[in-house]
Amino acid sequence: MVRQLSYVEPTIPANDLFRDYINKRQPIIIKGLPDDPSFKARKWAELDYLALKAGEAEVLVEPMHPSTRQYGTDVKRQPMRFGDFLASLSKESGPYYYLTTQYSGEEWDHLTMFSPPTDALRGDFPNVPRLMGNLFVQQVNLWLGKSQDGSSSGLHHDFHDNLYCLLRGRKRFVLYPPQEYENLYPNKPVEKVHPNGVIAYEWLLRADGLDHRIALKARVDALRRLLDDPPAETSKGKGKGKAKATSHAMKEHKRLEEEFEEAREELVKLSLSEEYGFPLDDAGEDSEDEDEDDEGNDFGSLAGDLEEGQDDYDALMGDLEAIGDRAGSSGPNASGARDADDESLAEEEPASFSRIPTARLHQHLCLPTTAVAPAESTPTDFADLAKAGEPFIVELAAGEALYLPASWWHEVTSSSASDDGEADVHMAFNYWFYPPDGGTFEEPYMDKLVWSQLRAQTQKADTRPEQDDEHRKEGKRKHEEEQDGLAKKIRR
């Protein structure tokens, strides 16, 4: 017997949602869309409005897999003007392309929190809905397709908390908790499951969804900022009191210096390690300005664009050498999107996807399906599925939202059939957030130093003017000089 989720109203106080569901890592249906005055995504249900506002954006669209008849597979994505994609949905017969803004490719500068066309729609939604309190947003995405009979995403999990807002059509979710991974056949062995449920395939993924290298970079920047701040005033007072204050300030400064050097050297050691695929050029001399502040540099060869608030875990885990060679760009998104022009990546399924064919999953649960099982597959190939506990089945309607914690397994069947039986479109807009790892509503992340730095960097990126190309090149050059100098220092 399948289980049903509870639901709450969209007016629920954010601290109540955090206490009762987010912090307990429990999914919940929200019987309405975010109630922020700035949330205007309901307008997107009119495709003419989308075309007018964002039609010129260049996007990548995914064809349906020809044999399994589902999306989220290794089929190569195709570039298309967003307006042309919208027009293609008016065709009388399919199969139709599917849009998700989770993508990357060498023709795209880099993944950001707002990939096209959401960057052209930013005035229609808040960066963080009121409901989600103090969580840190990782990315927003638009999902748009057309399927009267229903098309499937395949069973998988994401590495971030998900607020999924359905704008048109219907969605059926099959949900399993993270701990069921042993019975759900992920594509790679699981390294560990963090206490908050986040599944890690490599030790570098932290419970808060950050790659360890990204966290190290943020820690280095935060400690540098603290060291650059002027020390507390110690000239006041007399005698022993003044001496004690001065001694305390000196000890604190020394402690920060030691912590800064340890974090910086650990980051460089990771970058040097061939095991992690970050080649470093041995040429060049020690940098004379090795300790010079490199604010504005983004350690792109290590961890993407931190000042955009990015975390691209599957990219870092799946194709490290390519990232090392392509400074300043990110690879596939954490939920499994792939480079459009990278055939080698397209041949490998993401670790976070199950090997269970969608048709076999639906047959096991006695659910209607349009998916087709591979000819070489039999139910006995996935016998452990019978050991999994009963899943939650969620029937989400337009105008509702689903909160889904990171690493909850889910298979999503999308249907665009309207009440009169005609084929319509299905459309969803979602937020991904870094998962809280045991903090409070006010401070949901345990590593306060790292997260204060990431918040400060993101706020700065939102307010500063765009840097020109020359400035970016100069920052990259200075960063490479510092890396080279530190590497030689460590080798000695």
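Along every chain, residues carry numbers that run from 1 in the direction the sequence is written. With the structure being a predicted model, the display of local features is reserved for residues of pLDDT at least 70 and the display and counting of side-chain atom pairs for 80 or more, all residues being used for whole-chain, interface and lining totals. Hydrogens and water molecules were not included; the side-chain quantities draw on all heavy atoms of the structure.

The protein chain has the name JmjC domain-containing protein in an unreviewed UniProt entry, where Postia placenta MAD-698-R-SB12 is given as its organism.

Student: I'd love a proper account of the sheet that holds strand β14 (residues 409-415), names of residues and values included.
Tutor: For two strands to be treated as a pair, DSSP must find at least two bridges joining them. Counting from the N terminus, the helices are DSSP H or I runs at least four residues long and the strands are E runs at least two residues long. Overall, antiparallel pairing links the four strands, which are arranged β7-β14-β9-β12 in an open sheet. A strand with exactly one partner marks an edge of an open sheet, and here the two such strands are β7 (151-152) and β12 (392-397). Inspection of the sheet shows strand β9 (residues 170-176) paired to β14 by seven bridges, in the antiparallel sense. Paired with L175 across the two strands is H410, which belongs to β14.

Student: Before we move on, can you summarise a negative patch on the surface with the specific residues and values?
Tutor: Only residues above 30% relative accessible area that lack a salt bridge enter a patch, with like-charged residues linked at up to 9 Å and the nonpolar side chains Val, Leu, Ile, Met, Phe, Trp and Tyr linked at up to 5 Å. For accessible areas, the Shrake-Rupley method is used with a probe of radius 1.4 Å. Any residue's cover is judged against the shown protein chains and nothing else. Each reported salt bridge corresponds to a side-chain nitrogen of Lys or Arg within 4 Å of a carboxyl oxygen of Asp or Glu. Asp and Glu count as negative and Lys and Arg as positive, but His and the ends of the chain are not part of the count. The atoms used to mark charge sites are NZ of Lys, CZ of Arg, CG of Asp and CD of Glu. Together, E257, E258, E262 and E266 line one region of the surface with negative charge. Positionally, E257 belongs in helix α5 (residues 239-272). Residue exposure (1.4 Å probe, protein chains only): buried if accessible area is under 20% of the type maximum, exposed if over 50%, otherwise partly exposed. You can call E257 partly exposed: its relative accessible area is 35%.

Student: I'd love a proper account of helix α4 (residues 212-228), names of residues and values included.
Tutor: By this rule the span expected of a helix is its residue count minus one, scaled by 1.5 Å. Over its 17 residues, α4 extends 24 Å from the first C-alpha to the last, a length consistent with the 24 Å expected when each residue adds 1.5 Å. For α4, the tally of buried residues reaches 14 of 17 residues, placing the bulk of the element in the interior. By the N-cap criterion, in which a side-chain oxygen at the helix start approaches the backbone nitrogen of a residue two or three places on, α4 is capped by D211, the distance to R213 being 2.8 Å. Polar contact criterion, stated in full: a pair of N or O atoms within 3.5 Å, where within protein one must be able to donate a hydrogen and the other to accept it, and residues adjacent in sequence count only if both atoms are side-chain atoms.

Student: I'd like a rundown of the packing of aromatic side chains, residues and numbers included.
Tutor: The relation between two aromatic rings is expressed through the spacing of the ring centres and the mutual angle of the planes. Two rings from Phe, Tyr or Trp (for Trp, the six-membered ring) form a pair when their centres are within 6.5 Å of each other. A pair whose planes differ by under 30 degrees is stacked, one over 60 is edge-to-face, and the rest are tilted. On inspection of all chains with the given rule, the structure shows 19 aromatic pairs. When the ring of F114 is compared with that of F125, the centres are 6.1 Å apart and the planes differ by 35 degrees; the resulting orientation is tilted. Taken as a pair, F114 in the loop between β5 (98-100) and β6 (137-145) and F125 in the loop between β5 and β6 lie far apart in primary sequence, eleven residues in all. With relative accessibility at 9%, the residue F114 sits in the buried group. Ring geometry for Y434 against W451: centres 5.1 Å apart, planes inclined by 65 degrees, an arrangement best described as edge-to-face. With a gap of 17 residues between them, Y434 in the loop between β15 (426-433) and α11 (448-463) and W451 in helix α11 connect regions that are remote in the sequence. For the pair Y434 and W451, a shared accessibility class is recorded, and that class is buried. Pairwise contacts between aromatic rings join F39, W44, F114, F125, F429, Y431 and F433 into one cluster. Counting as a charge over the ring demands two things of the Lys NZ or Arg CZ atom: a distance within 6 Å of the ring centre and an angle within 35 degrees of the ring normal. In this arrangement the basic side chain of R3 is found over the ring face of F392, its NZ or CZ atom lying 4.1 Å from the centre.

Student: Report on the pattern of salt bridges, specifying residues and quantitative values.
Tutor: For the structure on display, the rule yields 22 salt bridges. Of the charged contacts, one joins D208 and R206 as a salt bridge, the two residues approaching to 2.6 Å between their closest N and O atoms. By the burial criterion, D208 is buried, and R206 matches it. When salt bridges with common partners are traced through the structure, they connect R206, D208, R219, E252, R255, E259 and D447 into a single cluster.

Student: Pulling in residues and values, what's your account of the sheet that holds β15?
Tutor: Pairing is mixed across the open sheet formed by nine strands, whose spatial order is β1-β2-β13-β8-β15-β6-β5-β3-β4. If you trace the sheet from one side to the other, it starts and ends with β1 (7-8) and β4 (78-81), each paired once.

Student: Can you explain the confidence of the model for the protein chain? Please cite residues and give values.
Tutor: The share of residues in the protein chain with pLDDT of 70 or more is 68%, and the mean pLDDT across the chain is 77. Every residue in residues 278-347 is under pLDDT 50, and counting partners more than four places away or in other chains gives 208 contacts. What pLDDT reports is the predictor's confidence in each residue, on a scale of 0 through 100. Note on contacts: a residue pair qualifies if any of its non-hydrogen atoms lie within 4.5 Å across the two residues. For residues 465-473, every residue scores under 50 in pLDDT, and the model assigns this stretch two contacts once sequence neighbours within four places are set aside.

Student: Just give me the short version of the side chain of D221, but keep the residues and values in it.
Tutor: With respect to the secondary-structure elements, D221 resides in helix α4. Of the polar contacts made by the side chain of D221, one reaches the side chain of R224; its length is 3.1 Å.

Student: Explain the nonpolar core to me, using residue names and the numbers behind them.
Tutor: What tends to happen in soluble globular proteins is that the nonpolar side chains get buried as a cluster. The set of buried Ala, Val, Leu, Ile, Met, Phe, Trp, Tyr and Cys residues whose side-chain atoms join them within 4.5 Å is what this entry labels a nonpolar core. W44 and F82 are the most contacted members of the largest nonpolar core, which has 56 residues in total. When near neighbours in sequence (up to four residues on either side) are disregarded, W44 contacts Y49, L50, L121, D124, F125, L142, L167, M427 and F429.

Student: Break down the pairing of β14 for me, with residues and values.
Tutor: By the criterion of burial, β14 is predominantly enclosed, with seven of the seven residues buried. What you see with β14 is no split at all: W409, E411, T413 and S415 on one side and H410, V412 and S414 on the other are buried throughout. Sheet topology places β7 next to β14; two bridges connect them, and they run antiparallel. Bridging across to β14, S152 finds its partner in T413.

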